[in-house]
Amino acid sequence: METKTEDFALFESDRAINYDAFVKEWIPNYGYFMSIFPNLLANAPEKTMLTVGCGTGNEMLALKTADRAWSITGVDPSLEMIQIAQKKLASYENIRFFEGEVTQLKSRARYGAASLILVLHFIKYPYKKLSLLRAIQKRLKPGAPFIIMGIFGNKAQLRRNLNVLRAVLPHTLTASEIEERITRITNSLHRTSEEELEKLTVKAGFEKPTRFFQTTIYSAWITKKPTT
Ligand SMILES: C[S@@+](CC[C@H](N)C(=O)[O-])C[C@H]1O[C@@H](n2cnc3c(N)ncnc32)[C@H](O)[C@@H]1O
């Protein structure tokens, strides 16, 4: 399926440069999440990782820091985000980047694990979320774990969790910055409900996902490609 540029949020210029500072301020426990997610890949059939929407490479760095044996391919449509990731990971071997989308990957490689962290809520339509999940599934080895993190919940859960987010954000943020971002999250990002995520992942050929992490509006799930 063809994807147009307007289907993914553009991470360019200031948005790319400020990304690492942004996640620290706006995503409570982001650092903790990055520190534990490599542990969940312990049973991967091979230490080869497909990092979809790798951005500035934070999950790639977390994985390499935990275990240098991993070979990682980071995929992202934003060249500017990739360039920051390249600098961050310059001292590591077996790191590759692909500027574009998973569906455009020509390689026949099948990976031992995959991640999709903070990406799914930029995709508006469920059928496009499904085609991304399918594209990832197709590129995995049987038994490969797959970690997804993003904005999840139904409308009421999102509203309540946004109140929690408001309460725990750093005091350095101004009231108008907070309201602006909360309006954007509510009106322009595309949360997935738990039921929908389960349906989409299973339809894409994964096992039923398990929620293992939540921090305000963000949740993370683990699933895997079945072994048979
Ligand atoms: C919020 S950042 C997350 C970066 C990183 N995963 C992290 O957790 O810090 C979202 C990234 O997803 C990328 N992106 C957006 N749509 C995408 C798609 N359809 N496929 C792959 N990457 C996408 C953006 O360019 C951006 O770099």
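The text that follows walks through the structure, step by step, so that each part is easy to find. The model shown is predicted, which means the values in this text are computed figures rather than measured ones.

1. Looking at the overall build of the protein
- Across its full length, the protein holds 9 helices and 7 strands.
- For 228 residues, the compact-globule estimate of 2.2 N^0.38 gives 17 Å, and the C-alpha radius of gyration of the protein, at 17 Å, lies within 12% of that figure.
- Of all 228 residues assigned to the protein, the portion counted as buried reaches 50%.
- For the protein, the accessible area works out to roughly 11,500 Å², and carbon and sulfur atoms hold 50% of it.
- In the protein, 32 side chains carry a positive charge and 23 a negative one; their mean positions are 7 Å apart.

2. Structural notes on the site of the ligand
- Not every one of the 20 residues close to the ligand is listed here, only the nearest: Tyr-19, Tyr-30, Gly-53, Glu-59 and Asp-76.
- Between the ligand and Ile-117, the relevant distance is 2.8 Å, taken from a nitrogen atom to a main-chain nitrogen or oxygen of the residue.
- Across the complex, the protein chains shield 98% of the 600 Å² of accessible surface that the ligand would expose by itself.
- For the shell around the ligand, the elements supplying multiple residues, two or more each, are helix H3 (30-36) and helix H4 (58-66).
- Here the shell around the ligand is composed, by residue class, of 13 nonpolar, 4 polar and 3 charged.

3. Remarks on helix H7 (residues 155-168)
- Taking 1.5 Å of rise per residue, the 14 residues of H7 would be expected to cover 20 Å, and the 20 Å separating its terminal C-alpha atoms lies within 8% of that figure.
- Residues of H7 that are buried include every one of Leu-158, Asn-161, Leu-162 and Leu-165, and no others. All buried residues of H7 fall inside an arc of 115° around its axis, so they share one side. Residues of H7 that are exposed and point over 90 degrees away from its buried face: Arg-159, Arg-160 and Ala-167.
- Each element contacted by the buried residues of H7 is listed here: helix H2 (19-26), strand S5 (145-151), helix H8 (175-188) and strand S6 (210-215).

4. A few points about the sheet that holds strand S2 (residues 71-76)
- Pairing is mixed in the open sheet, where 7 strands are placed in the order S3-S2-S1-S4-S5-S7-S6. Of all strands in the sheet, those with a lone pairing partner are strand S3 (95-99) and S6, marking the two edges. Averaged over neighbouring strand pairs, the angle between their axes works out to 15° when direction is ignored.

5. Some thoughts on the pairing of strand S4 (residues 113-117)
- The buried fraction of S4 is high, at 5 of 5 residues.
- Taken together, the 4 bridges between strand S1 (residues 48-52) and S4 define a ladder with parallel strand orientation. Counted as the bridge partner of Thr-51 is Ser-115 from S4.
- Pairing of S4 with S5, which is carried by 4 bridges, proceeds in the parallel orientation. Its bridge partner being in S5, Ile-117 is matched across the sheet by Met-149.
- In terms of handedness, the path from S4 via helix H6 (residues 126-138) over to S5 forms a crossover that is right-handed.

6. As for the side chain of Thr-223
- With respect to the helices, strands and loops of the structure, Thr-223 is situated in strand S7 (residues 218-224).
- On the basis of relative accessibility, which here comes to 5%, the residue Thr-223 falls in the buried class.
- Among the polar contacts made by the side chain of Thr-223, one reaches the main-chain carbonyl oxygen of Glu-207 at a distance of 2.4 Å.
- Apart from residues lying up to four places away in sequence, Thr-223 is in contact with Ala-144, Pro-145, Phe-146, Phe-206, Glu-207, Lys-208 and Pro-209.

7. Observations concerning the environment of Ile-82
- Mapping Ile-82 onto the fold places it in helix H5 (residues 79-88).
- Take Ile-82: its relative accessible area is 3%, and that puts it in the buried class.
- Sequence spacing of Ile-82 and Ala-16 is 66 residues, and the spatial spacing of their C-alpha atoms is 9.2 Å.
- If sequence neighbours within four positions are ignored, Ile-82 has contacts with Cys-54, Gly-55, Asp-76, Phe-97, Phe-98 and Glu-99.

The rules behind these values
Positions within a chain are numbered from 1, following the residues in the order the chain's sequence is written. A pLDDT threshold of at least 70 governs which residues receive local features in this predicted model, and a stricter bar of 80 or more applies before side-chain atom pairs are shown or counted, although totals over entire chains, interfaces and linings include all residues. Values shown for side chains rest on all heavy atoms present in the structure; no hydrogens or waters enter the calculation. Helix and strand assignments come from DSSP, with helices taken as H or I runs of at least 4 residues and strands as E runs of at least 2, each series counted from the N terminus. Computation of the radius of gyration draws on C-alpha atoms alone. For the globule rule, the value is 2.2 Å times the number of residues to the power 0.38. Exposure is judged per residue with a 1.4 Å probe applied to protein chains only, and the accessible area is read against the type maximum: over 50% gives exposed, under 20% gives buried, and values in between give partly exposed. Here the open area of atoms and residues is found with the Shrake-Rupley method and a 1.4 Å probe, where only the protein chains shown may cover a residue. Positive charges come from Lys and Arg, negative ones from Asp and Glu, while His and the chain ends are left out of the count. Charge coordinates come from a single atom per side chain, which is NZ of Lys, CZ of Arg, CG of Asp or CD of Glu. For this description, a residue counts as near a given molecule or strand if any of its non-hydrogen atoms is within 4 Å of it. Whenever a nitrogen or oxygen atom comes within 3.5 Å of another N or O atom, the pair is scored as a polar contact, on the condition that within protein one atom can donate a hydrogen and the other can accept it, and that pairs from neighbouring residues in sequence are kept only if both atoms are in side chains. Residue polarity follows a fixed list, in which Ala, Val, Leu, Ile, Met, Phe, Trp, Tyr, Cys and Pro are nonpolar, Asp, Glu, Lys and Arg are charged, and the others, Gly among them, are polar. Expected span of a helix, by definition, is 1.5 Å for each gap between consecutive residues, and there is one gap fewer than residues. Note that the arc is defined by the directions from the helix axis to the C-beta atoms. By the convention used here, residues are in contact when the closest approach between their heavy atoms is within 4.5 Å. For two strands to be treated as a pair, DSSP must find at least two bridges joining them. Axes here mean lines fitted to C-alpha atoms, for a helix over just the part in contact, with angles spanning 0 to 180 degrees between N-to-C directions. When the strands point away from the viewer and the path from the first strand over the helix to the second turns clockwise, the crossover is right-handed.

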